[in-house]
Amino acid sequence: MKILVSAKRVSDPNAKLAIAKDGKWIEGDVEYILNPFCENAIECALQIAEANEGTETVAIGIGDDETARFIRQGALARGIDRGILVSAEEASIDSDLIARIYQGVVHREKPDIVLLGKQAIDGDSNQVGQLLAEYLGWPQATFASKVEVSGNKAIVTREVDGGLETLEVSLPCVITADLRLNEPRFASLAGIMKAKKKPFDELEIDDLDLEDTDTKVQIVGLSTPSGRKAGVIVKDVTELVQKLRSEARAI
Amino acid sequence: MHTLPDAFLAAIARGFPDDFASTDADDLRTYGRDWTRVFEAAPSLIVFPRTTDEVSRLLALANQHRVAVVPSGGRTGLAAGAVACRGEVVLSLSRMRHMAPVDVSGGTVRVQAGAITEVVHQHAGEHDMTWPVDFASKGSSQIGGNIATNAGGVKVIRYGLTRQWVLGLEVVLADGRVLELGGALEKNNTGIDLRQLFIGSEGILGVITEATLKLTRNPGKLDVLLFAVDDLAGVLRLFREVRRAPLVPMAYEFFTDVCLRRVLQHRTLRAPFAAPSSHYVLLEVERGDKLDDWIASLFDRELVRDGVLAQSPQEAADLWSLREGISESLSATGMPHKNDISLPVAALEAFTSRLDAVFQARYPGWEIAVFGHVGDGNLHINVMKPDDMAKAAFLAHAKEADRDMFALVAEHHGSISAEHGIGLLKKAALPYTRTADEIAIMRAMKAVLDPNGILNPGKIFD
């Protein structure tokens, strides 16, 4: 079996971001982390591989040298067998092009399962897994909180409003990982050392023979959230109730 | 039941705001104790001054009426230095938390004693600077308490103790006189440095009300690693490598598997390694390009059994919580008898090999959690109360066993209290580390500054 798994870097949600002068991207010394949902996908791929001997795992990332570092340290160091970097400037691609790049890589690699994070925590688009399944014509199981692979199918439990839904999908398929799927392991130092020697391919978008490389979404502008309004101290319950009614419209 | 003189109480009612003093049962319980649980809190009154002037007038009044006063900060101490168990008045600095703007070119900030350590960090952080005294209880501990106890913590290997980061102090003496010591001067060689006298004096010489803190640049990006090694000798071997490595170490902390199991149990965290090891080392370094090669050399020479490197600030925080969660987890999951000793780093190995024999004789089969700051020669030794033993019997037994350990500490020229202080808890053990002459000089200083003995009586010595 072969599993292709995503390793996308995202800006650290705890870091302060500065918006570039043109208002369309972030700038400065941004601290990045591996997308936490991708970490769940990687852990899931490793667990499937550990339970199914002979499974090959491949991590894919799109970006520059920095992204390559996250593929190595976030995926290969944890135990993924090899890595693929598709060179692209992150500011100039959208969810649709990412899905098409993945599609091109799937055609080359022919995996049985594509495991992705359900969304990247910076853009929050939540589109790539679904688009990819459509372009490939494969079944999809999104928001997975449990994955079991047996024979030629996967049993996936997904978290839906008000409960759980269990799906059976035939392979090949696309699965996107939710947070409660597992607890990602730490990257061991021995793993980090080994990761340096693992196979690592670098591709250009042109290498993938995509029919369509246009982006469909343009970022028109970014803005920071407006600051929270300062609290007020009310003098009694009557005033509190009045403000809750007239200003907060909570009652 | 202790009662305060009526005239004292009347003067407080007359001379201070309505919310200045409290006898509320919850307040008495809360402000009467610190993080130790050995002594019953029994203060008579808690006062909450807002200004140095209020502290001064309160102390003058207490001095006049011979009322004992316990200065109180964040009460995170571990030696019962801020415990009031004899009907004292607790003087809480909690309302004095003003912070002046950061002086960037001077690299200083003036704060009131009740400012919370972590809030000071954030305040300085807005200018990319920091006050580098850092420890697990920073969310509660206050600047005044840090200074009065000369707090140490996890970054001492890089930055030293609190003492090195205080430029000036405002101190109120027992009779109400206010001293301004040092100001914001980096250099001030004008006779005996009285400021240093109050740093680490545990509130027996005066009440610290304001301080000018020295700041430093924020460190760059940091890498956090956790190593698994076989034993304490392995911890020390690795430390020798760190000392010589082309790295800037921020912290070198170790803990045993006993500690780790308690933390994982209490905080329900994920285990860092698939297989447990006897000892672990947490290393924090400033990020640099020489780390990878250095790590590879550790594995080549089999200096570590296993290791992990945090991949994100979140993972770094997770690894740190394995270390910083120990003290809290031991207390939450059992009753520890704590010791905080230090040895010359060179003597650690010889000391600990002898210590094992003491443990085996005194605590056969008991659970002993050891962790600490190896770079500072500082060991935190926690003997856990066996479940089937009564608290009183346990404490009596531990006290007895402490003597053997302290004798061993003295023999190796160590200290029976590295960073926790003496307080009430380690009073009896003071002579293991300080000579009779030294203690006599300390008493003489106390007599000059507080002749009526109203400030934190019974702490450090009787």
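This text follows the structure it describes.
Position labels on residues start from 1 in each chain and follow its written sequence. Whichever chain is written first becomes A and whichever ligand is written first becomes 1, with later ones labelled in order. Residue-level local features of this predicted model are given only where pLDDT is at least 70; pairs of side-chain atoms are given and counted only at 80 or more, and the full residue set underlies all totals for whole chains, interfaces and linings. Based on all heavy atoms of the structure, the side-chain values leave hydrogens and waters out of the count.

Engineer: Talk me through the interface of chain B and chain A; I want residue IDs and the actual numbers.
Structural biologist: Listed per partner, the contact involves 21 residues of chain B and 20 residues of chain A. Once two parts are brought into contact, the accessible area they lose, counted with a 1.4 Å probe and summed over both, makes up the buried area. Taking both partners together, chain B and chain A bury about 1,700 Å²; carbon and sulfur atoms supply 58% of that area. Looking only at chain B, the three residues that lose the most surface to chain A are Lys221, Arg270 and Gln311 of chain B, adding up to 35% of its buried area. Think of a salt bridge as a Lys or Arg side-chain nitrogen and an Asp or Glu carboxyl oxygen that are within 4 Å of each other. There are 3 salt bridges connecting chain B and chain A. Where lysine 196 of chain A meets aspartate 292 of chain B, a salt bridge forms, and the shortest distance between an N and an O atom there is 3.1 Å. What qualifies as a polar contact is a pair of N or O atoms within 3.5 Å, subject to a donor-acceptor requirement within protein and to the restriction that residues adjacent in sequence count only when both atoms come from side chains. At the boundary of chain B and chain A, one finds 5 residue pairs in polar contact (both at pLDDT 80 or more). Taken together, the residues of the side of chain B that touches chain A break down into 11 nonpolar, 3 polar and 7 charged. Throughout, a residue-residue contact means that at least one pair of heavy atoms, one from each residue, lies within 4.5 Å. Each residue gets one label: Ala, Val, Leu, Ile, Met, Phe, Trp, Tyr, Cys and Pro are nonpolar, Asp, Glu, Lys and Arg are charged, and the others, such as Gly, are polar.

Engineer: Tell me what's going on with the packing of aromatic side chains, and back it up with residues and numbers.
Structural biologist: Aromatic pairs are defined between Phe, Tyr and Trp rings, using the six-membered ring for Trp, whenever the two ring centres lie within 6.5 Å; interplanar angles under 30 degrees are classed as stacked, those over 60 as edge-to-face, and all others as tilted. Inspection of the entire model under this criterion finds 11 aromatic pairs over all chains. For the ring pair tyrosine 31 of chain B and phenylalanine 48 of chain B, a centre distance of 5.0 Å and an interplane angle of 85° mean the geometry is edge-to-face. Placement of tyrosine 31 of chain B in helix 2 (residues 25–31) and of phenylalanine 48 of chain B in the loop between strand 2 (45–47) and helix 3 (52–65) is noted, with a sequence separation of 17 residues between them. The exposure class assigned to tyrosine 31 of chain B is buried, which follows from its relative accessible area of 15%. Buried residues are those whose accessible area, probed at 1.4 Å on protein chains only, stays under 20% of the maximum for their type, while exposed residues exceed 50% and partly exposed ones sit between those limits. The class of phenylalanine 48 of chain B is buried, set by a relative accessible area of 8%. Residues phenylalanine 239 of chain B and tyrosine 252 of chain B carry aromatic rings whose centres are separated by 4.9 Å and whose planes lie at 55° to one another, so their mutual orientation is tilted. Of this pair, phenylalanine 239 of chain B sits in helix 8 (residues 232–244) while tyrosine 252 of chain B sits in strand 12 (residues 249–256), and the two are 13 residues apart along the sequence. Grouping residues by exposure puts phenylalanine 239 of chain B and tyrosine 252 of chain B together as buried. Ring-pair connections join several aromatic residues into one group, and the members of that group are Phe359, Tyr363, Trp366 and Phe394 of chain B. Definition used: whenever NZ (Lys) or CZ (Arg) falls within 6 Å of the ring centre and also within 35 degrees of the ring normal, the charge is taken to sit over that ring. The positively charged end of lysine 118 of chain A is found above the aromatic ring belonging to phenylalanine 143 of chain A, 5.3 Å away from the centroid. Each helix corresponds to a stretch of at least 4 residues labelled H or I by DSSP, and each strand to a stretch of at least 2 residues labelled E; elements are numbered beginning at the N terminus.

Engineer: Residues and numbers for unusual backbone geometry, please.
Structural biologist: In this chain, leucine 171 of chain A is followed by proline 172 of chain A through a cis amide linkage whose omega measures -5°. Looking at the secondary structure, you find proline 172 of chain A in the loop between strand 11 (163–170) and strand 12 (173–177). Positive phi is not limited to glycine here, since phenylalanine 143 of chain A has a value of about 55°. Among the secondary structure elements, phenylalanine 143 of chain A is positioned in strand 9 (residues 140–150). A relative accessible area of 22% means that phenylalanine 143 of chain A is categorised as partly exposed. Unlike most non-glycine residues, aspartate 128 of chain B shows phi in positive territory, near 60°.

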